[in-house]
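Analysis of the macromolecular model
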Amino acid sequence: MSSPCIMFDPSMIQNQPKLPKEFIWSKGSGYEPDSNNQQGNHDVLNEPLVDLEGFFRGDEEAIKQASESINKACMTHGFFQVTNHRVDSSLIRAAHDQMDGLFKLPMEKKLRVQKNKGEMCGYSGAHAHRFSKQLPWKETFSFGYNYVDNDDDQEGVIVSDYIKSSLGDEFEFAGWVYQRYCEAMKDLSLVIFELLGISLGVEKQHFRKFFEDGNSLLRCNSYPPCKEPSLTFGTGPHCDPTSLTILHQDLVGGLEVFANNKWQAVRPRLDAFVINIGDTFMAMCNGRYKSCLHRALVNKKRERRSLVFFVNPRKDKVVKPPQDLVDREEDTTMSRRYPDFKWPQLLEFTQMHYRADVTTLQSFFQWLPSSNLL
Ligand SMILES: C=C1C[C@]23C[C@H]1CC[C@H]2[C@]1(C)CCC[C@@](C)(C(=O)O)[C@H]1[C@@H]3C(=O)O
Ligand SMILES: O=C(O)CCC(=O)C(=O)O
Ligand SMILES: [Fe+2]
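In this report, we go over the structure that sits alongside the text. In this text the structure is predicted, and so the values were computed from the model without any measurement. (Residues numbered from 1 in each chain as written. Chains lettered and ligands numbered in written order. Predicted model: local features only at pLDDT ≥ 70, side-chain atom pairs only at ≥ 80, totals over all residues. Heavy atoms only, no water.)

Structural notes on the packing of helix α3 (residues 60-76) against helix α7 (residues 172-200)
- Closest axis-to-axis distance for the α3/α7 pair is 8 Å, and the angle between their directions is 80°. For the element pair α3 / α7, the angle class is roughly perpendicular. Residue-level inspection shows I63, A66, S67, I70, N71 and C74 of α3 in contact with α7, the latter providing L195, L196, I198 and S199.
- Grouping the amino acids of the contact of α3 with α7 by side-chain chemistry returns seven nonpolar, three polar and no charged. (Axes fitted to C-alpha atoms, helices over the stretch in contact; angles between N-to-C directions. Helix = DSSP H or I, 4+ residues; strand = E, 2+ residues; numbered from the N terminus. Parallel < 35°, antiparallel > 145°, perpendicular 65-115°, else oblique. Contact = heavy atoms within 4.5 Å. Nonpolar A, V, L, I, M, F, W, Y, C, P; charged D, E, K, R; others polar.)

This is the structure in structure tokens:
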């Protein structure tokens, strides 16, 4: 008989003296927390801080500099932060403030919007509806955001309607805030895609155009304090399967990136967005840029929150590198490093058959021919 899944109620679970075994990232899994899995024990990553002011002013020299530092960061670890991004600071603050109302909801109400296996939107406590061990010490609310309402299924529902209809009228303002926040994230992502195009020396609008009619996901993360933080993870080590991730975190800290062969902490900055390259973009640039390996630690004292916007292409688009990039490969045996695919195929793989980690993309390409999605 299978055991009932664990209920992640922060007010109760964080007071238990011992970490429930489901949250222990066991030895031998390849993902055991290292002996130093404590905040404050790691080097701080000296990643480039890309100032977008020059881009918005159309200053050629500043754009060149920004794209060069993006190129360097993406060739080494796939991670950088941006400042002067023109996202209104009061909108960012409001998006963080509205998380209070979500995470403080009574459990019974959270469960009413609980995600089921295979679903992308709704509430999840420790992903316990999907996994039975190595659970992440977090609660999440996720909202789908389609740029174009291109069909009439659930995915076409806009964030504000989804929030209001699933959580009730008292969440109307929260819905409005997250709708605006998604719009701002979409605009910012298109700026980053333009810079990525420039940095790769391809037609500068190529990626921007490709993602203009995408469909994305906004996720609110809450990582409650944990009595034994060194035995678990808030989010275990992984590369995002998506294309680009835009993350905003509070000042608690806990995000780490694997760079130069070691885990390094990312210094939180309220005025910056963290940008990660994901697996899909790595495939789109023929492996030139690295999908960023990262994780989130938890701590004994303070709840940590982050807002994560995952950018994906429209579901019928073929993911492949631009031809001019392929033509420039010196090693002709490597002219195409990955086969073509579509985002829903990788999404199905990560939701139904494989838990995203550092080798998601390779495992996906082994699975793809046997799937009936081709
Ligand atoms: C397509 C997705 C799967 C995950 C959410 C989005 C983008 C990133 C993925 C994830 C965050 C990577 C770490 C593991 C994961 C299970 C998580 O901890 O949330 C992943 C998400 C998921 O499968 O729900
Ligand atoms: O919350 C964080 O800092 C990281 C979250 C993350 O990596 C993810 O949700 O994919
Ligand atoms: Fe991630």
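Quick word on the pattern of salt bridges
- Tallying each qualifying case throughout the model produces 24 salt bridges.
- Between E108 and R112 there is a salt bridge, and its shortest N-O distance comes to 2.8 Å. Separated by four residues within a single helix, E108 and R112 lie in helix α5 (residues 107-112), roughly one turn from each other.
- For K110, the salt bridge identified is with E139, shortest N-O distance 2.8 Å. Remark: E139 occurs in strand β5 (residues 139-146) and K110 occurs in helix α5; sequence separation between them is 29 residues.
- On the accessibility criterion, E139 (1% relative accessible area) is buried. (Salt bridge = Lys/Arg side-chain N within 4 Å of Asp/Glu carboxyl O. Buried < 20%, exposed > 50% of the residue type's maximum accessible area, 1.4 Å probe, protein only.)

Remarks on the sheet that holds strand β2 (residues 49-51)
- Judged by pairing direction, the sheet is mixed, and its eight strands sit side by side in the order β2-β3-β11-β8-β13-β6-β5-β4 without closing on themselves. The two strands at the open ends of the sheet, each matched to only one other strand, are β2 and β4 (122-125). Across the sheet, the axes of successive neighbouring strands diverge by a mean angle of 25°, strand direction being ignored.
- For strand β6 (residues 215-223) and strand β13 (residues 304-311), the ladder comprises seven bridges, and the chain directions are antiparallel. Within β13, the position partnered with C220 by the bridge is L307.
- Packing of helix α6 (residues 159-167) onto the sheet brings it into contact with β4 and β5, and relative to β5 it is tilted by some 135°.
- In the packing of α7 onto the sheet, the strands contacted are β3 (79-83), β5, β6, β8 (244-249), β11 (273-277) and β13, and the crossing angle to β8 comes to about 125°. (Pairing = 2+ DSSP bridges.)

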